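# A structural walkthrough
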Amino acid sequence: MKRYVALAEKLAAAIRTGGLAAGDRLPSVRQLRATHGVSASTVFRAYYLLEARGLVRARDRSGYFVASDSSARPPAAELPSRPRAQSIPVEVGERVFTILAATMRRDVVPLGSAFPSPTLFPLASLARTMASTVPRLDPRSSVEYLLQGSAPLRRQIARRYLANDMHLTADDLVVTSGAMEALNLCLAAVTRPGDIVAIESPTFYATLQALNRRGLKALEVPTHPREGIELGALADVLERQRPAACWLMTNFQNPLGSLMPEAKKRDLVAMLERFDTPLIEDDVYAELYFGARRPRPAKAFDKSGLVLHCGSFSKCLAPGYRIGWAAPGRFVQQVARLKLSSTLTASVPAEATLAAYLDKAGYDRHLRALRHTLAQQQQAMLAALVRHFPPGTRATRPAGGYFLWIELPKRIDALALHEQALARGISVAPGPIFSSRGDFANCLRLNYGHPWSARIEDAMATLGSLVAAAA
Ligand SMILES: Cc1ncc(COP(=O)(O)O)c(C=O)c1O
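No experiment lies behind these values; they were computed from the predicted model shown.

Rules behind the numbers
- Residues numbered from 1 in each chain as written.
- Predicted model: local features only at pLDDT ≥ 70, side-chain atom pairs only at ≥ 80, totals over all residues.
- Heavy atoms only, no water.
- Pairing = 2+ DSSP bridges.
- Helix = DSSP H or I, 4+ residues; strand = E, 2+ residues; numbered from the N terminus.
- Expected span 1.5 Å × (residues − 1).
- Buried < 20%, exposed > 50% of the residue type's maximum accessible area, 1.4 Å probe, protein only.
- Contact = heavy atoms within 4.5 Å.
- Near = heavy atom within 4 Å.
- Polar contact = N/O pair within 3.5 Å; in protein donor to acceptor, adjacent residues only side chain to side chain.
- Nonpolar A, V, L, I, M, F, W, Y, C, P; charged D, E, K, R; others polar.
- Phe/Tyr/Trp six-rings, centres within 6.5 Å; stacked < 30°, edge-to-face > 60°.
- Lys NZ or Arg CZ within 6 Å of the ring centre and 35° of its normal.
- Patch = residues over 30% accessible without salt bridge, like charges linked within 9 Å, V, L, I, M, F, W, Y side chains within 5 Å.
- Areas by Shrake-Rupley, 256 points an atom, 1.4 Å probe, with all protein chains shown as cover.
- Salt bridge = Lys/Arg side-chain N within 4 Å of Asp/Glu carboxyl O.

Next up on the list: the sheet that holds strand β14 (residues 429-430). With antiparallel pairing, 4 strands are arranged side by side in an open sheet as β12-β13-β15-β14. Every interior strand has two partners, whereas the edge strands, β12 (394-395) and β14, have only one.

Okay, here's the thing in structure tokens:
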């Protein structure tokens, strides 16, 4: 990295973290030369770069000051979705795969990606744990892990539920190859082809793909960008259409980032109990909260074993290890047997490594740092939206996770925007891939899970100008 860019990044970080607040004067050329051992021209080039990014403004003869909108936020997205009230078989077109392929390219700025930056995870420490754990692995474990998975890992996961005031034991859990397998097994345990499944609107495209594979019908239910699915609308659906199951993300929903309040989760479970409708709860982002404590899932209020809770280490600790789990309540045996008859076990070395890692201190420290970084990056992206996007742009402000849901002016076609952005080396996730009917034509999901950099700032500026040109 060039010296002036490195200096600009340092000052930008101080602005984002509040070390330098709106209206503050930046350190003088003389101070920066002395503290950073750089030339005056390096300092000036750093100032110019920050000015071009809209983070600072020059005032005649008085120096550079932090711009007043450096911590600004766009107006909040706050209207619930209004999907059509009929269930339909789910079609999965080519489009979503083409869009996903773009997010995997290294040369593309990954604003459309579903993954956070791998640099945010303790990969070296995990690798050391693996190097010391795997040679000591009992050869019989590959057989013992069949059915429910590694007992030491399940005990560690149960311990974390306990910290959340939920009393589950290792016997209640099935370790899987990521949450995706857990979710698919749970879906298979509670539905038959042709059944209706109630889902949020918008929803994660992999949910739609899972319904499609099993020949299920999706019933999209109105969902609020801050508080999740609307219970009144869901009650109607349960009463009239009798879905075989619900599949919901109660904590930091993908793509909205909505967080269902605790009282609403309690009411949700009580309502589902009245109709005896199982809930598949996709809860892969809960550890990425920015508030005081981990939000409890709906599973915390489940007295009759009707909630099949699915979690994962992919988003918070070990991407690529492919370790997740299900706590499927009264369906635990079906889920374990479905796993045995499909993939047998998750990866035994990965399970053993995570069990050993969780046994040591360090995970919570890593999580605290990760949450702090993500919260700052969210702030940076919200401020960049204000700087670069036209009026009429709205965004969610999730209290966790790493996605913003953006509502652009009505006229914008997010699919066309995706094409134009990709031609400039930027990926976005366009709204229509999050709906079985291709709704949300003017919406985008943006990923702020990558350390803020000049590359991302520039990508936001390019996107903003594309939107402004089309608005
Ligand atoms: C909402 C949601 N559920 C499940 C998954 C899949 O998790 P895993 O990687 O553990 O299979 C993802 C990954 O993007 C996700 O966003």
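Each full turn of the α-helix corresponds to 3.6 residues, which orients residues three or four apart in the same direction. Under the 1.5 Å per step criterion, the end-to-end length of helix α16 (residues 454-470) is 24 Å for 17 residues, consistent within 8% with the ideal 24 Å. Along α16, the residues classified as buried are Ala454, Ile456, Glu457, Ala459, Met460, Leu463, Gly464, Leu466 and Val467. On its buried face, α16 sits against α1 (3-16), α14 (363-388), α15 (414-423) and β15 (443-447).

Inspection of the secondary structure puts Ser201 in strand β5 (residues 196-201). Overall, the relative accessible area of 1% leaves Ser201 in the buried class. Apart from residues no more than four positions distant in its own chain, Ser201 is found in contact with Ser81, Pro83, Glu220, Val221, Thr223 and Phe440.

We now examine the site of the ligand. The environment of the ligand is formed by 15 residues, the closest being Ala179, Asp282, Tyr285, Ser312 and Lys315. In the environment of the ligand, an oxygen atom lies 2.5 Å from a nitrogen or oxygen atom belonging to the side chain of Ser312. Take Lys315: an N or O atom from its side chain is 2.6 Å from an oxygen atom of the ligand. If you tally residues by element for the shell around the ligand, the top one is helix α8 (residues 178-190), at 4 residues. Within the shell around the ligand, the residues separate by chemical class into 8 nonpolar, 4 polar and 3 charged.

Inspection of every chain in the model, using the stated rule, returns 13 aromatic pairs. Taking the centre distance of 5.8 Å and the plane angle of 80 degrees together, the rings of Tyr285 and Phe403 count as edge-to-face. You can see Tyr285 sitting in the loop between β9 (279-282) and β10 (307-312) and its partner Phe403 sitting in strand β13 (residues 403-407), a full 118 residues away along the chain. Look at Tyr285 and you get buried, because its relative accessible area is 5%. An angle of 75 degrees between the planes, with centres 6.4 Å apart, marks the rings of Tyr357 and Tyr363 as edge-to-face. One exposure class covers both Tyr357 and Tyr363, and it is buried. Here the aromatic cluster, defined as three or more aromatic residues joined through ring pairs, consists of Phe204, Tyr205, Trp405, Phe434 and Phe440. Of note, Arg45 hangs over the ring of Tyr4, and the distance from its end group to the ring centre comes to 4.2 Å. Cation over ring: Arg59 sits above Phe65, and NZ or CZ is 3.7 Å from the ring centre.

Summarising burial for β10: 6 of the 6 residues are buried, a large majority. Across 4 bridges, β9 lies against β10 in parallel orientation. In the sheet register, Glu281 faces β10, and the bridge partner there is His309. Two strands pair when backbone bridges link them, and β10 and strand β11 (residues 324-327) are joined in this way by 4 bridges, in the antiparallel orientation. In the strand pairing of β11, Ser312 is matched with Gly324.

Residues Val143, Leu146, Leu147, Leu340 and Leu344 make up a contiguous nonpolar surface patch of roughly 390 Å² in combined accessible area. Considering the arrangement of structural elements, one finds Leu147 in the loop between α6 (141-144) and α7 (151-163). Given a relative accessible area of 36%, Leu147 falls into the partly exposed group.

Counted by the stated rule, this structure contains 15 salt bridges. Between Glu78 and Arg226 there is a salt bridge, with the nearest N and O atoms lying 3.8 Å from each other. Note that Glu78 is positioned in the loop between β2 (63-66) and β3 (88-89) and Arg226 in the loop between β6 (217-224) and β7 (228-229), a separation of 148 residues in sequence. Taking the relative accessible area as the measure of exposure, Arg226 reaches 49% and is therefore partly exposed. Salt-bridge contacts for Asp276 lead to Arg330; the nearest nitrogen and oxygen are separated by 3.4 Å. With Asp276 in the loop between α11 (262-275) and β9 and Arg330 in the loop between β11 and α12 (332-340), this pair connects stretches of sequence that are 54 residues apart.

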